[in-house]
Amino acid sequence: MKRVVVTGLGVVSPVGCSRETFWSGLVEGRTGVKPIAHIPTGRLDIKIAAYASDFDAESFIDPRRLSQMDRFAQMAIFSARSAVADSGVDLRGELAQTTAIIVGTGMGGATTLDNSYQRLYGENASRVHPLTVPRLMVNAGASHVAMDLEVTGPTFAVASACSSGTHAVGLAFQMVRGGTVPLALAGGAEACLTVGGLKAWEALRVLSPEACRPFSKNRSGLVLGEGAAMLVLEERERAVARGAAIYAEILGFGMGADAGDLTSPSVEGMARTMRQALADAGCNVDDIDYINAHGTGTLINDASETRAIRDVFGAHADRLAISSNKAVLGHGLGAAGALEAVATALTLQRQILPPTAGYQIPDPQCDLDVVPNVARSQTVRVALSNSFAFGGLNAVLAFGRN
Amino acid sequence: MDVGKEIKAAIAKHLNVPAESLTDDTDLADAGLASLDFVEIIFDLEEKFGIELPYNANTASTADFKTVGDVIRLVSSLVETRAA
(Lines give C-alpha, C1' and ligand atoms only; values in the text may rest on other atoms or scores of the structure.)
Protein backbone atom coordinates (compact mmCIF):
# COMPACT_ATOMS: atom_id res chain seq x y z
CA MET A 1 0.00 0.00 0.00
CA LYS A 2 1.34 3.39 -1.04
CA ARG A 3 0.87 6.53 0.97
CA VAL A 4 -1.06 9.20 -0.94
CA VAL A 5 -0.55 12.95 -0.68
CA VAL A 6 -2.18 16.03 -2.17
CA THR A 7 0.33 18.12 -4.11
CA GLY A 8 -1.82 20.37 -6.27
CA LEU A 9 -5.10 22.26 -5.98
CA GLY A 10 -7.21 24.11 -8.52
CA VAL A 11 -10.62 25.75 -8.12
CA VAL A 12 -13.39 27.64 -9.84
CA SER A 13 -15.63 29.00 -7.12
CA PRO A 14 -18.23 31.68 -6.40
CA VAL A 15 -15.57 33.50 -4.35
CA GLY A 16 -12.83 33.33 -6.92
CA CYS A 17 -10.85 31.13 -9.23
CA SER A 18 -7.48 31.05 -7.50
CA ARG A 19 -6.41 29.03 -4.48
CA GLU A 20 -5.84 32.17 -2.41
CA THR A 21 -9.07 34.02 -3.23
CA PHE A 22 -10.93 30.78 -2.51
CA TRP A 23 -9.19 30.30 0.84
CA SER A 24 -9.53 33.94 1.92
CA GLY A 25 -13.23 33.82 1.01
CA LEU A 26 -13.70 30.82 3.26
CA VAL A 27 -11.60 32.15 6.13
CA GLU A 28 -13.19 35.60 6.03
CA GLY A 29 -16.67 34.17 5.52
CA ARG A 30 -17.06 36.32 2.41
CA THR A 31 -20.13 34.82 0.82
CA GLY A 32 -20.40 34.11 -2.89
CA VAL A 33 -24.19 34.00 -2.62
CA LYS A 34 -25.72 36.91 -4.51
CA PRO A 35 -28.79 37.95 -6.49
CA ILE A 36 -29.00 35.98 -9.73
CA ALA A 37 -28.02 38.19 -12.65
CA HIS A 38 -26.68 35.82 -15.33
CA ILE A 39 -30.12 34.55 -16.45
CA PRO A 40 -33.62 36.07 -16.56
CA THR A 41 -35.18 35.82 -13.09
CA GLY A 42 -38.77 36.71 -13.98
CA ARG A 43 -39.99 33.16 -13.59
CA LEU A 44 -37.88 32.32 -10.55
CA ASP A 45 -39.29 32.32 -7.02
CA ILE A 46 -35.83 31.95 -5.50
CA LYS A 47 -33.59 34.70 -6.80
CA ILE A 48 -30.24 34.01 -5.12
CA ALA A 49 -27.43 31.61 -5.96
CA ALA A 50 -23.67 31.30 -5.67
CA TYR A 51 -22.68 31.94 -9.28
CA ALA A 52 -19.00 31.84 -10.20
CA SER A 53 -19.06 35.30 -11.76
CA ASP A 54 -15.26 35.61 -11.97
CA PHE A 55 -14.98 32.59 -14.24
CA ASP A 56 -14.11 33.62 -17.79
CA ALA A 57 -13.75 30.66 -20.12
CA GLU A 58 -12.85 32.80 -23.12
CA SER A 59 -9.71 34.01 -21.41
CA PHE A 60 -8.04 30.61 -21.43
CA ILE A 61 -9.74 28.23 -23.87
CA ASP A 62 -9.02 28.27 -27.58
CA PRO A 63 -12.14 29.81 -29.18
CA ARG A 64 -12.27 26.99 -31.70
CA ARG A 65 -12.70 24.51 -28.84
CA LEU A 66 -14.99 26.64 -26.72
CA SER A 67 -18.11 25.69 -28.68
CA GLN A 68 -17.39 22.01 -27.99
CA MET A 69 -17.85 22.45 -24.26
CA ASP A 70 -20.50 23.03 -21.70
CA ARG A 71 -19.71 25.44 -18.87
CA PHE A 72 -19.11 22.55 -16.45
CA ALA A 73 -16.40 21.10 -18.70
CA GLN A 74 -14.77 24.52 -19.09
CA MET A 75 -14.62 24.78 -15.31
CA ALA A 76 -13.18 21.28 -15.05
CA ILE A 77 -10.40 22.19 -17.48
CA PHE A 78 -9.56 25.41 -15.69
CA SER A 79 -9.35 23.76 -12.28
CA ALA A 80 -7.38 20.79 -13.65
CA ARG A 81 -4.83 23.06 -15.32
CA SER A 82 -4.55 25.11 -12.13
CA ALA A 83 -4.01 21.98 -10.01
CA VAL A 84 -1.31 20.62 -12.32
CA ALA A 85 0.48 23.96 -12.41
CA ASP A 86 0.20 24.22 -8.63
CA SER A 87 1.73 20.77 -8.13
CA GLY A 88 4.64 21.48 -10.44
CA VAL A 89 4.30 17.99 -11.87
CA ASP A 90 5.25 17.39 -15.49
CA LEU A 91 2.59 15.27 -17.17
CA ARG A 92 4.62 14.66 -20.30
CA GLY A 93 6.52 11.41 -20.72
CA GLU A 94 5.51 8.31 -18.79
CA LEU A 95 2.95 10.12 -16.63
CA ALA A 96 0.97 10.99 -19.77
CA GLN A 97 0.02 7.32 -19.99
CA THR A 98 -0.31 6.48 -16.31
CA THR A 99 -2.11 9.43 -14.75
CA ALA A 100 -5.77 8.85 -13.83
CA ILE A 101 -8.43 11.54 -14.33
CA ILE A 102 -11.69 11.27 -12.41
CA VAL A 103 -14.23 14.08 -12.57
CA GLY A 104 -17.44 13.97 -10.57
CA THR A 105 -20.58 15.80 -11.64
CA GLY A 106 -24.21 15.61 -10.65
CA MET A 107 -25.87 16.85 -13.81
CA GLY A 108 -23.19 17.08 -16.51
CA GLY A 109 -23.96 19.57 -19.28
CA ALA A 110 -27.02 21.18 -17.74
CA THR A 111 -26.55 24.51 -19.51
CA THR A 112 -26.40 22.79 -22.88
CA LEU A 113 -29.56 20.80 -22.18
CA ASP A 114 -31.41 23.88 -20.95
CA ASN A 115 -30.40 25.89 -24.01
CA SER A 116 -31.44 23.16 -26.43
CA TYR A 117 -34.87 22.79 -24.79
CA GLN A 118 -35.29 26.55 -24.80
CA ARG A 119 -34.69 26.53 -28.56
CA LEU A 120 -36.98 23.58 -29.21
CA TYR A 121 -39.92 24.32 -26.94
CA GLY A 122 -39.50 28.04 -26.24
CA GLU A 123 -38.52 29.28 -29.67
CA ASN A 124 -39.94 26.45 -31.78
CA ALA A 125 -36.60 26.05 -33.49
CA SER A 126 -36.31 23.01 -35.70
CA ARG A 127 -32.74 22.13 -34.76
CA VAL A 128 -30.36 22.31 -31.83
CA HIS A 129 -26.59 22.85 -31.68
CA PRO A 130 -24.83 19.97 -33.47
CA LEU A 131 -22.61 19.26 -30.47
CA THR A 132 -25.46 19.09 -27.98
CA VAL A 133 -24.81 15.42 -27.18
CA PRO A 134 -21.03 15.56 -26.62
CA ARG A 135 -21.46 18.78 -24.64
CA LEU A 136 -24.06 17.47 -22.24
CA MET A 137 -22.71 13.97 -21.63
CA VAL A 138 -21.79 13.42 -17.99
CA ASN A 139 -18.26 12.29 -18.92
CA ALA A 140 -17.56 15.46 -20.95
CA GLY A 141 -15.66 17.04 -18.05
CA ALA A 142 -13.35 14.06 -17.66
CA SER A 143 -12.87 13.71 -21.42
CA HIS A 144 -12.01 17.37 -21.93
CA VAL A 145 -9.52 17.37 -19.07
CA ALA A 146 -7.79 14.35 -20.63
CA MET A 147 -7.72 16.00 -24.06
CA ASP A 148 -6.55 19.30 -22.64
CA LEU A 149 -3.69 17.74 -20.68
CA GLU A 150 -2.98 15.07 -23.33
CA VAL A 151 -3.24 12.33 -20.73
CA THR A 152 -4.26 8.85 -21.87
CA GLY A 153 -4.53 7.08 -18.49
CA PRO A 154 -7.67 5.74 -16.79
CA THR A 155 -10.29 8.48 -17.23
CA PHE A 156 -13.95 8.50 -16.24
CA ALA A 157 -16.77 10.43 -14.60
CA VAL A 158 -18.43 9.74 -11.29
CA ALA A 159 -22.06 10.68 -10.71
CA SER A 160 -23.44 10.52 -7.19
CA ALA A 161 -25.19 13.89 -6.91
CA CYS A 162 -23.80 15.89 -3.97
CA SER A 163 -21.18 13.23 -3.21
CA SER A 164 -19.72 13.06 -6.74
CA GLY A 165 -16.61 15.12 -6.01
CA THR A 166 -15.84 13.15 -2.85
CA HIS A 167 -16.36 9.83 -4.59
CA ALA A 168 -14.00 10.97 -7.37
CA VAL A 169 -11.24 11.90 -4.92
CA GLY A 170 -11.85 8.72 -2.93
CA LEU A 171 -11.57 6.47 -5.97
CA ALA A 172 -8.43 8.26 -7.12
CA PHE A 173 -6.99 7.81 -3.62
CA GLN A 174 -7.68 4.07 -3.81
CA MET A 175 -6.07 3.81 -7.25
CA VAL A 176 -2.89 5.57 -6.12
CA ARG A 177 -2.78 3.74 -2.79
CA GLY A 178 -3.19 0.39 -4.51
CA GLY A 179 -0.45 1.14 -7.02
CA THR A 180 -2.72 1.18 -10.08
CA VAL A 181 -1.45 4.65 -10.97
CA PRO A 182 1.34 6.81 -9.53
CA LEU A 183 -0.63 10.01 -9.87
CA ALA A 184 -4.24 11.08 -10.30
CA LEU A 185 -6.20 14.24 -10.96
CA ALA A 186 -9.57 14.07 -9.26
CA GLY A 187 -12.40 16.37 -8.32
CA GLY A 188 -15.72 17.60 -9.57
CA ALA A 189 -17.46 20.20 -11.69
CA GLU A 190 -21.02 21.48 -11.78
CA ALA A 191 -22.79 24.30 -13.62
CA CYS A 192 -26.56 23.94 -13.47
CA LEU A 193 -27.69 27.44 -12.49
CA THR A 194 -30.07 27.57 -15.43
CA VAL A 195 -33.73 28.58 -15.36
CA GLY A 196 -34.71 24.94 -15.77
CA GLY A 197 -32.25 23.76 -13.13
CA LEU A 198 -33.36 26.37 -10.61
CA LYS A 199 -37.06 25.67 -11.22
CA ALA A 200 -36.41 21.97 -10.63
CA TRP A 201 -34.75 22.73 -7.30
CA GLU A 202 -37.47 25.20 -6.34
CA ALA A 203 -40.01 22.44 -6.83
CA LEU A 204 -38.32 20.36 -4.13
CA ARG A 205 -39.04 23.16 -1.63
CA VAL A 206 -35.62 23.00 -0.05
CA LEU A 207 -34.07 26.27 -1.26
CA SER A 208 -33.60 29.23 1.02
CA PRO A 209 -34.95 32.53 -0.29
CA GLU A 210 -32.50 34.42 1.89
CA ALA A 211 -29.08 32.84 2.69
CA CYS A 212 -27.41 29.58 3.57
CA ARG A 213 -26.99 29.39 7.36
CA PRO A 214 -25.65 25.95 8.24
CA PHE A 215 -26.32 24.74 11.80
CA SER A 216 -28.05 28.01 12.71
CA LYS A 217 -31.51 27.67 14.26
CA ASN A 218 -32.99 30.06 11.70
CA ARG A 219 -31.56 28.19 8.72
CA SER A 220 -34.05 28.11 5.87
CA GLY A 221 -32.58 25.76 3.32
CA LEU A 222 -29.76 25.40 0.89
CA VAL A 223 -28.55 27.87 -1.72
CA LEU A 224 -27.42 26.46 -5.05
CA GLY A 225 -23.89 27.09 -6.20
CA GLU A 226 -21.58 26.01 -8.97
CA GLY A 227 -17.90 25.60 -9.66
CA ALA A 228 -15.18 23.03 -9.96
CA ALA A 229 -12.18 21.78 -8.05
CA MET A 230 -9.42 19.33 -8.93
CA LEU A 231 -6.71 17.87 -6.72
CA VAL A 232 -3.43 16.24 -7.71
CA LEU A 233 -3.00 13.03 -5.71
CA GLU A 234 0.41 11.47 -5.77
CA GLU A 235 2.37 8.64 -4.21
CA ARG A 236 4.07 10.18 -1.22
CA GLU A 237 7.52 8.77 -2.06
CA ARG A 238 7.31 10.18 -5.53
CA ALA A 239 6.21 13.60 -4.30
CA VAL A 240 8.97 13.73 -1.70
CA ALA A 241 11.59 12.61 -4.24
CA ARG A 242 10.74 15.47 -6.58
CA GLY A 243 10.61 17.95 -3.70
CA ALA A 244 6.93 18.75 -4.16
CA ALA A 245 5.07 20.90 -1.67
CA ILE A 246 2.57 18.67 0.13
CA TYR A 247 -0.74 20.06 1.38
CA ALA A 248 -1.96 16.99 3.22
CA GLU A 249 -2.04 13.22 3.16
CA ILE A 250 -5.18 11.27 2.35
CA LEU A 251 -5.49 8.56 4.97
CA GLY A 252 -8.80 6.86 4.29
CA PHE A 253 -12.10 6.77 2.45
CA GLY A 254 -15.51 5.44 3.31
CA MET A 255 -18.55 5.10 1.09
CA GLY A 256 -21.94 3.45 1.10
CA ALA A 257 -25.65 3.78 0.41
CA ASP A 258 -28.55 4.44 2.78
CA ALA A 259 -30.78 2.22 0.67
CA GLY A 260 -33.60 4.12 2.36
CA ASP A 261 -35.29 7.42 1.58
CA LEU A 262 -34.71 9.12 -1.78
CA THR A 263 -33.91 12.55 -0.38
CA SER A 264 -33.95 12.49 3.43
CA PRO A 265 -30.59 11.68 4.97
CA SER A 266 -30.12 8.74 7.32
CA VAL A 267 -28.26 9.29 10.59
CA GLU A 268 -27.21 5.65 10.50
CA GLY A 269 -25.93 5.91 6.93
CA MET A 270 -23.94 9.05 7.74
CA ALA A 271 -22.48 7.47 10.87
CA ARG A 272 -21.62 4.20 9.12
CA THR A 273 -19.71 6.05 6.40
CA MET A 274 -17.72 8.16 8.87
CA ARG A 275 -16.80 4.96 10.75
CA GLN A 276 -15.67 3.36 7.49
CA ALA A 277 -13.42 6.31 6.72
CA LEU A 278 -11.92 6.18 10.22
CA ALA A 279 -11.31 2.44 9.98
CA ASP A 280 -9.81 2.75 6.50
CA ALA A 281 -7.50 5.48 7.80
CA GLY A 282 -6.54 3.42 10.83
CA CYS A 283 -7.67 6.25 13.10
CA ASN A 284 -9.42 6.31 16.44
CA VAL A 285 -12.18 8.81 17.07
CA ASP A 286 -9.93 10.93 19.28
CA ASP A 287 -7.44 11.38 16.41
CA ILE A 288 -9.98 13.61 14.64
CA ASP A 289 -9.75 17.33 15.40
CA TYR A 290 -11.97 18.73 12.67
CA ILE A 291 -14.78 17.76 10.31
CA ASN A 292 -15.55 19.67 7.13
CA ALA A 293 -19.27 19.01 7.37
CA HIS A 294 -21.73 18.45 4.55
CA GLY A 295 -23.72 21.22 6.33
CA THR A 296 -26.18 22.16 3.62
CA GLY A 297 -28.30 24.52 5.70
CA THR A 298 -31.42 22.39 5.45
CA LEU A 299 -33.30 21.65 8.63
CA ILE A 300 -32.89 17.92 8.31
CA ASN A 301 -29.31 17.58 7.05
CA ASP A 302 -27.71 19.69 9.74
CA ALA A 303 -29.64 18.07 12.60
CA SER A 304 -29.01 14.57 11.20
CA GLU A 305 -25.32 15.22 10.62
CA THR A 306 -24.95 16.48 14.19
CA ARG A 307 -26.60 13.33 15.55
CA ALA A 308 -24.44 11.11 13.35
CA ILE A 309 -21.27 12.83 14.58
CA ARG A 310 -22.41 12.38 18.19
CA ASP A 311 -23.12 8.70 17.50
CA VAL A 312 -19.67 8.11 16.00
CA PHE A 313 -17.55 10.25 18.28
CA GLY A 314 -19.34 9.98 21.63
CA ALA A 315 -17.74 12.25 24.24
CA HIS A 316 -15.04 13.29 21.76
CA ALA A 317 -17.74 15.04 19.69
CA ASP A 318 -17.56 17.91 22.18
CA ARG A 319 -13.79 18.22 21.72
CA LEU A 320 -13.68 18.40 17.93
CA ALA A 321 -14.68 21.29 15.70
CA ILE A 322 -16.84 21.15 12.59
CA SER A 323 -17.70 23.76 9.99
CA SER A 324 -19.56 24.05 6.71
CA ASN A 325 -18.25 25.95 3.67
CA LYS A 326 -21.68 26.19 2.08
CA ALA A 327 -22.69 29.62 3.40
CA VAL A 328 -19.77 30.94 1.33
CA LEU A 329 -19.79 28.57 -1.65
CA GLY A 330 -23.46 27.64 -1.83
CA HIS A 331 -24.10 24.00 -2.61
CA GLY A 332 -21.92 23.11 -5.57
CA LEU A 333 -23.60 19.68 -5.90
CA GLY A 334 -21.20 17.49 -7.92
CA ALA A 335 -18.39 19.98 -7.30
CA ALA A 336 -19.14 20.45 -3.59
CA GLY A 337 -17.16 17.50 -2.28
CA ALA A 338 -14.15 18.46 -4.40
CA LEU A 339 -14.25 22.11 -3.32
CA GLU A 340 -14.50 20.96 0.28
CA ALA A 341 -11.63 18.50 -0.19
CA VAL A 342 -9.51 21.46 -1.33
CA ALA A 343 -10.68 23.43 1.72
CA THR A 344 -9.83 20.51 4.01
CA ALA A 345 -6.37 20.06 2.48
CA LEU A 346 -5.70 23.78 3.03
CA THR A 347 -7.06 23.53 6.59
CA LEU A 348 -4.46 20.86 7.35
CA GLN A 349 -1.65 22.70 5.64
CA ARG A 350 -2.35 26.02 7.36
CA GLN A 351 -3.79 24.75 10.64
CA ILE A 352 -6.63 27.24 10.40
CA LEU A 353 -10.30 26.28 10.60
CA PRO A 354 -12.53 28.12 8.13
CA PRO A 355 -15.69 29.18 9.98
CA THR A 356 -19.33 28.34 9.43
CA ALA A 357 -20.35 31.69 7.94
CA GLY A 358 -23.88 33.05 8.08
CA TYR A 359 -24.38 31.64 11.55
CA GLN A 360 -26.82 33.58 13.74
CA ILE A 361 -28.72 31.57 16.35
CA PRO A 362 -27.62 28.43 18.24
CA ASP A 363 -29.79 25.38 17.63
CA PRO A 364 -30.00 22.70 20.36
CA GLN A 365 -30.27 20.14 17.55
CA CYS A 366 -26.92 21.31 16.15
CA ASP A 367 -25.01 21.63 19.40
CA LEU A 368 -21.44 20.95 18.26
CA ASP A 369 -18.62 23.50 18.00
CA VAL A 370 -19.41 24.79 14.49
CA VAL A 371 -16.73 27.54 14.51
CA PRO A 372 -19.35 30.25 14.05
CA ASN A 373 -18.41 33.10 11.70
CA VAL A 374 -14.79 33.57 12.82
CA ALA A 375 -11.85 31.47 11.63
CA ARG A 376 -9.67 29.86 14.25
CA SER A 377 -6.01 28.81 14.45
CA GLN A 378 -5.95 25.35 15.89
CA THR A 379 -3.95 22.14 15.71
CA VAL A 380 -5.55 19.77 13.25
CA ARG A 381 -3.97 16.30 13.07
CA VAL A 382 -6.67 14.48 11.14
CA ALA A 383 -9.80 15.89 9.48
CA LEU A 384 -12.80 14.31 7.82
CA SER A 385 -14.68 15.74 4.85
CA ASN A 386 -18.32 14.60 4.69
CA SER A 387 -20.61 14.35 1.67
CA PHE A 388 -24.14 12.94 1.81
CA ALA A 389 -26.06 12.90 -1.45
CA PHE A 390 -29.63 12.72 -2.64
CA GLY A 391 -30.26 9.12 -3.48
CA GLY A 392 -28.68 8.20 -0.14
CA LEU A 393 -25.10 7.96 -1.42
CA ASN A 394 -22.53 8.82 1.23
CA ALA A 395 -18.80 9.45 0.96
CA VAL A 396 -16.28 10.53 3.60
CA LEU A 397 -12.57 11.26 3.19
CA ALA A 398 -9.99 11.32 5.99
CA PHE A 399 -7.07 13.73 5.56
CA GLY A 400 -3.93 13.81 7.68
CA ARG A 401 -1.43 16.57 8.35
CA ASN A 402 1.75 16.08 6.36
CA MET B 1 -65.69 22.06 -6.93
CA ASP B 2 -65.44 20.66 -3.41
CA VAL B 3 -61.96 21.68 -2.34
CA GLY B 4 -62.00 19.51 0.78
CA LYS B 5 -62.97 16.44 -1.16
CA GLU B 6 -60.32 17.02 -3.83
CA ILE B 7 -57.61 17.49 -1.21
CA LYS B 8 -58.60 14.37 0.68
CA ALA B 9 -58.56 12.45 -2.58
CA ALA B 10 -55.04 13.72 -3.40
CA ILE B 11 -53.70 12.84 0.04
CA ALA B 12 -55.45 9.45 0.07
CA LYS B 13 -53.89 8.60 -3.29
CA HIS B 14 -50.39 9.19 -1.89
CA LEU B 15 -51.14 7.23 1.26
CA ASN B 16 -52.84 4.49 -0.71
CA VAL B 17 -55.85 4.55 1.63
CA PRO B 18 -59.58 5.23 0.99
CA ALA B 19 -60.37 8.97 1.02
CA GLU B 20 -63.22 8.30 3.50
CA SER B 21 -60.63 7.24 6.10
CA LEU B 22 -59.28 10.81 6.29
CA THR B 23 -60.86 13.47 8.49
CA ASP B 24 -59.96 17.14 8.94
CA ASP B 25 -58.18 16.15 12.14
CA THR B 26 -55.97 13.48 10.55
CA ASP B 27 -52.34 14.29 11.34
CA LEU B 28 -50.37 14.09 8.08
CA ALA B 29 -47.15 12.79 9.61
CA ASP B 30 -48.97 10.23 11.78
CA ALA B 31 -50.81 9.06 8.68
CA GLY B 32 -47.45 8.16 7.17
CA LEU B 33 -46.96 11.06 4.79
CA ALA B 34 -43.23 11.50 4.06
CA SER B 35 -41.73 14.80 2.99
CA LEU B 36 -41.52 13.81 -0.67
CA ASP B 37 -45.20 12.75 -0.69
CA PHE B 38 -46.02 16.14 0.70
CA VAL B 39 -44.07 18.01 -1.95
CA GLU B 40 -45.86 15.99 -4.62
CA ILE B 41 -49.29 16.64 -3.08
CA ILE B 42 -48.59 20.37 -2.97
CA PHE B 43 -47.62 20.26 -6.63
CA ASP B 44 -50.85 18.38 -7.46
CA LEU B 45 -52.96 20.94 -5.58
CA GLU B 46 -51.18 23.92 -7.12
CA GLU B 47 -51.76 22.50 -10.58
CA LYS B 48 -55.38 21.55 -9.87
CA PHE B 49 -56.43 24.87 -8.32
CA GLY B 50 -54.06 27.25 -10.11
CA ILE B 51 -52.60 28.57 -6.87
CA GLU B 52 -49.19 28.82 -5.22
CA LEU B 53 -48.72 27.31 -1.80
CA PRO B 54 -46.05 28.94 0.37
CA TYR B 55 -44.19 25.86 1.54
CA ASN B 56 -40.51 25.53 2.37
CA ALA B 57 -39.52 22.20 3.92
CA ASN B 58 -37.02 24.04 6.12
CA THR B 59 -39.07 26.70 7.79
CA ALA B 60 -41.80 26.95 10.37
CA SER B 61 -44.47 26.96 7.67
CA THR B 62 -44.44 23.18 8.09
CA ALA B 63 -46.44 23.81 11.27
CA ASP B 64 -49.18 25.30 9.08
CA PHE B 65 -49.53 21.95 7.34
CA LYS B 66 -49.95 19.62 10.28
CA THR B 67 -53.39 18.16 9.58
CA VAL B 68 -55.61 17.48 6.59
CA GLY B 69 -57.84 20.34 7.80
CA ASP B 70 -54.86 22.76 7.78
CA VAL B 71 -54.24 22.02 4.12
CA ILE B 72 -57.93 22.37 3.25
CA ARG B 73 -58.20 25.74 5.03
CA LEU B 74 -55.10 27.15 3.36
CA VAL B 75 -55.98 25.93 -0.11
CA SER B 76 -59.59 27.12 0.25
CA SER B 77 -58.49 30.61 1.24
CA LEU B 78 -56.05 30.79 -1.66
CA VAL B 79 -58.71 29.55 -4.07
CA GLU B 80 -61.12 32.24 -2.79
CA THR B 81 -58.45 34.93 -3.09
CA ARG B 82 -57.81 33.87 -6.65
CA ALA B 83 -61.56 33.93 -7.43
CA ALA B 84 -62.05 37.38 -5.88
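The structure presented is a predicted model; accordingly, all values stated were derived computationally and were not measured. (Residues numbered from 1 in each chain as written. Chains lettered and ligands numbered in written order. Predicted model: local features only at pLDDT ≥ 70, side-chain atom pairs only at ≥ 80, totals over all residues. Heavy atoms only, no water.)

In this section: the overall build of chain B. When its secondary structure is counted, chain B shows three helices and zero strands. Tracing chain B from N to C terminus, the helices and strands come up as α-α-α. Rg of the C-alpha trace for chain B: 12 Å, near the compact-globule value of 12 Å for 84 residues, within the 12% margin. Viewed in the frame of its principal axes, chain B has a C-alpha envelope of about 35 × 30 × 20 Å. Each of the 84 residues in chain B was classed as buried or not, and the buried ones make up 44%. Considering only contacts within chain B whose residues lie at least 6 apart along the sequence, 57% involve residues at least 24 apart. (Helix = DSSP H or I, 4+ residues; strand = E, 2+ residues; numbered from the N terminus. Rg over C-alpha atoms; globule rule 2.2 N^0.38 Å. Buried < 20%, exposed > 50% of the residue type's maximum accessible area, 1.4 Å probe, protein only. Contact = heavy atoms within 4.5 Å.)

Our focus in this paragraph is the overall build of chain A. A tally of regular secondary structure across chain A gives 14 helices and 14 strands. Relative to the globule expectation of 21 Å for 402 residues, the C-alpha radius of gyration of chain A, 20 Å, shows essentially globular dimensions. For the C-alpha atoms alone, the extent of chain A along its principal axes is close to 65 × 55 × 40 Å. Per-residue burial over chain A gives 59% buried out of 402 residues. Contacts spanning at least 24 positions in sequence make up 78% of the contacts within chain A whose residues lie at least 6 apart. Carbon together with sulfur atoms contributes 53% to the accessible area of chain A, which is approximately 14500 Å² in total. Side-chain charges of chain A comprise 34 positive and 38 negative groups, with the mean position of each set lying 1 Å from the other. (Areas by Shrake-Rupley, 256 points an atom, 1.4 Å probe, with all protein chains shown as cover. Lys, Arg positive; Asp, Glu negative; His and termini not counted. Charge placed at Lys NZ, Arg CZ, Asp CG, Glu CD.)

This next bit is on the interface of chain A and chain B. Each side of the interface is counted separately: chain A has 16 residues, and chain B has 12 residues. For the chain A and chain B pair, buried surface summed over both sides reaches about 980 Å², with 46% attributable to carbon and sulfur atoms. Of all residues in chain A, Arg205(A), Ser220(A) and Leu299(A) bury the most surface against chain B, accounting for 55% of the area lost on that side. Across the pair Glu46(B) and Arg205(A) runs a salt bridge, and its minimum N-O distance is 2.7 Å. Our count for the chain A to chain B interface comes out at eight residue pairs in polar contact (both at pLDDT 80 or more). (Buried area = accessible area lost by both parts, 1.4 Å probe. Salt bridge = Lys/Arg side-chain N within 4 Å of Asp/Glu carboxyl O. Polar contact = N/O pair within 3.5 Å; in protein donor to acceptor, adjacent residues only side chain to side chain.)

The next point concerns the packing of aromatic side chains. All names here are of chain A. All told, the structure shown has six aromatic pairs over all chains when counted by the stated rule. An angle of 85 degrees between the planes, with centres 6.0 Å apart, marks the rings of Phe55 and Phe78 as edge-to-face. Of this pair, Phe55 sits in the loop between β3 (48-49) and α2 (63-66) while Phe78 is found in helix α3 (residues 71-87), placing the two residues 23 residues apart along the sequence. When its relative accessible area of 8% is taken as the criterion, Phe55 is described as buried. For Phe78, a relative accessible area of 21% corresponds to the partly exposed category. The rings of Phe55, Phe60 and Phe78 are connected pair by pair, giving a single aromatic cluster. (Phe/Tyr/Trp six-rings, centres within 6.5 Å; stacked < 30°, edge-to-face > 60°.)

With that settled, consider the packing of α3(A) against helix α7 (residues 140-149) of chain A. Residue and element names in this part refer to chain A. Packing of α3 against α7 brings their axes to within 8 Å, and their N-to-C directions diverge by 45 degrees. In terms of their interaxial angle, α3 and α7 are classed as oblique. Where α3 crosses over α7, the handedness of that crossing is right-handed. Here α3 contributes Phe72, Ala73, Ala76, Ile77, Ala80, Arg81 and Val84 to the contact with α7, which in turn contributes Ala140, Gly141, His144, Val145, Asp148 and Leu149. In terms of residue class, the contact of α3 with α7 is built from nine nonpolar, two polar and two charged. (Axes fitted to C-alpha atoms, helices over the stretch in contact; angles between N-to-C directions. Parallel < 35°, antiparallel > 145°, perpendicular 65-115°, else oblique. Left-handed = near helix turned anticlockwise from the far one by under 90°. Nonpolar A, V, L, I, M, F, W, Y, C, P; charged D, E, K, R; others polar.)

Let's shift gears to the nonpolar core. Residues and elements named next belong to chain A. Of all hydrophobic cores here, the largest spans 49 residues; its most connected members are Val6, Phe22 and Leu233. Of the residues forming this core, the biggest block, eight residues, is contributed by helix α14 (residues 336-350). Discounting residues that sit within four places of it in the chain, Leu233 has contacts with Val4, Val5, Val6, Val169, Ala172, Phe173, Val176, Pro182, Leu183, Ala184 and Ile250. Counting residues in each nonpolar core, the second largest holds 35 residues, with Ala73, Ala228, Met230 and Val232 among its members. (Core = buried A, V, L, I, M, F, W, Y, C linked by side-chain atoms within 4.5 Å.)

Across a sheet, strands are paired by hydrogen bonds formed along the backbone, either parallel or antiparallel in direction. Residue and element names in this part refer to chain A. One open sheet holds the 10 strands; their spatial order is β5-β4-β6-β7-β1-β8-β14-β13-β9-β10, and the pairing between them is mixed. Every other strand in the sheet has two partners, leaving β5 (155-158) and β10 (321-323) as the edge strands with one partner each. Neighbour-to-neighbour, the strand axes of the sheet open up by a mean angle of 25 degrees, direction not taken into account. Examined bridge by bridge, strand β1 (residues 4-12) and strand β7 (residues 227-235) share eight bridges and lie antiparallel to one another. (Pairing = 2+ DSSP bridges.)

Looking now at the layout of surface pockets. For the largest pocket, the calculated volume is near 760 Å³. Taken together, 38 residues form the lining of the largest pocket, with Ser264(A), Ile300(A), Ser35(B), Tyr55(B) and Ala57(B) sitting closest to its centre. Every element with two or more residues in the lining of the largest pocket is listed here: α12 (299-313) and β13 (382-389) of chain A together with α2 (35-49) of chain B. Of the residues contributing to the lining of the largest pocket, the split by class is 22 nonpolar, 12 polar and four charged. (1 Å grid on protein atoms, 1.4 Å probe; cavity = no way out; pocket = protein on both sides within 12 Å on 5 of 7 lines; lining within 4 Å. Points joined across faces, edges and corners; volume = space filled by probe spheres on them.)

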